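Here's the letter readout for the chains.
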Amino acid sequence: MENELKLVLGSMVTLSLATSAMIVVPFLQLRHEPAPAELKPYTSQELRGRQVYQAHACIACHSQQPSTTGAGVLDASRGWGRASVAGDYFYDDPPLLGSMRTGPDLFNIGARQPSQDWHLGHLFQPRAYTPGSNMPAYRFLFEIKTADQVTEGDKVVHLPPGTVGEAQAVVARQEALDLVAYLLSLNRTYPVSSAGLPAAPAPSGSDARQKEPS
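The shown structure was predicted, so the numbers you read here are calculated from the model rather than taken from an experiment. (Residues numbered from 1 in each chain as written. Predicted model: local features only at pLDDT ≥ 70, side-chain atom pairs only at ≥ 80, totals over all residues. Heavy atoms only, no water.)

Asker: What exactly am I supposed to notice about helix α2 (residues 44–55) here?
Answerer: Because each turn of an α-helix spans 3.6 residues, side chains separated by three or four positions in sequence point in the same direction. Over its 12 residues, α2 extends 17 Å from the first C-alpha to the last, a length consistent with the 16 Å expected when each residue adds 1.5 Å. Among the residues of α2, those classed as buried are Glu 46, Gly 49, Arg 50, Val 52 and Tyr 53. Seen from one end, α2 has its buried residues packed into an arc of 160°, which puts them on one side. In α2, the exposed residues that point more than 90 degrees away from the buried face are Ser 44, Gln 51 and Ala 55. At the C-terminal side of α2, Ala 57 shows a positive phi close to 55°. (Helix = DSSP H or I, 4+ residues; strand = E, 2+ residues; numbered from the N terminus. Expected span 1.5 Å × (residues − 1). Buried < 20%, exposed > 50% of the residue type's maximum accessible area, 1.4 Å probe, protein only. Arc of directions from axis to C-beta.)

Structural data, given as structure tokens:
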């Protein structure tokens, strides 16, 4: 019984120390970290899109945290931008850091791929944009209509030839538009002098815009 008590107490002390070191101390250090001057709060549409992002578990395959160590060297070579700092997540509640990279990091996807049409088409059918992609198609975020059913307020998605029938029109639902608005808001290319890191310019060129990996 005495040994069992020592084991329980030792486990509790170890857990308390680990919690303090990994959660409490970082929180105390970073709780007053200001937002970078160029970081803007999310709009209401972007917040709705963020909820769609969470609801469909995009975090399971995408991270939002380029680093400076380990894979960070490769992150920079891929054009994913500078390493993230605490202030970058000032308006994120909770931060959607992610830990898996089945797909690319999305920290700066709004800078790397600023086209609304590209994102909408990519959501509808990823393999039409990136052959071999294992990203699921989110067709339920869209409505397929005939040309005569399209109304003035519909956002028709321009897709590569052969993606749908010639007489069909793919119209984005509000959820899809909100999700893309959130993705386009992910642009952290401003400088962060408080971290001592240089500003990373947004990738340019047709390759970066047209060949975004999935």
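After presenting the structure, the write-up continues.
Asker: Please explain the confidence of the model for the chain as it appears in this structure.
Answerer: For any part of a model where pLDDT is low, the fine detail of the predicted coordinates should not be relied upon. For the chain, the mean per-residue pLDDT works out to 84, and 81% of the residues sit at or above 70. Across residues 194–211, confidence stays below pLDDT 50; counting only partners more than four residues off in sequence or on other chains, it has 30 contacts. (pLDDT = per-residue confidence, 0-100. Contact = heavy atoms within 4.5 Å.)

Asker: Is there a simple way to explain the side chain of Glu 46 in this structure?
Answerer: Mapping Glu 46 onto the fold places it in helix α2. It turns out Glu 46 is buried and unbridged, and the closest side chain with the opposite charge, Arg 188, is 7.8 Å from it. A polar contact is formed between the side chain of Glu 46 and the backbone nitrogen of Thr 43, at a distance of 3.0 Å. Once residues lying within four places of it in the same chain are set aside, the contact partners of Glu 46 are Pro 41, Ala 181, Tyr 182 and Ser 185. (Lys, Arg positive; Asp, Glu negative; His and termini not counted. Salt bridge = Lys/Arg side-chain N within 4 Å of Asp/Glu carboxyl O. Polar contact = N/O pair within 3.5 Å; in protein donor to acceptor, adjacent residues only side chain to side chain.)

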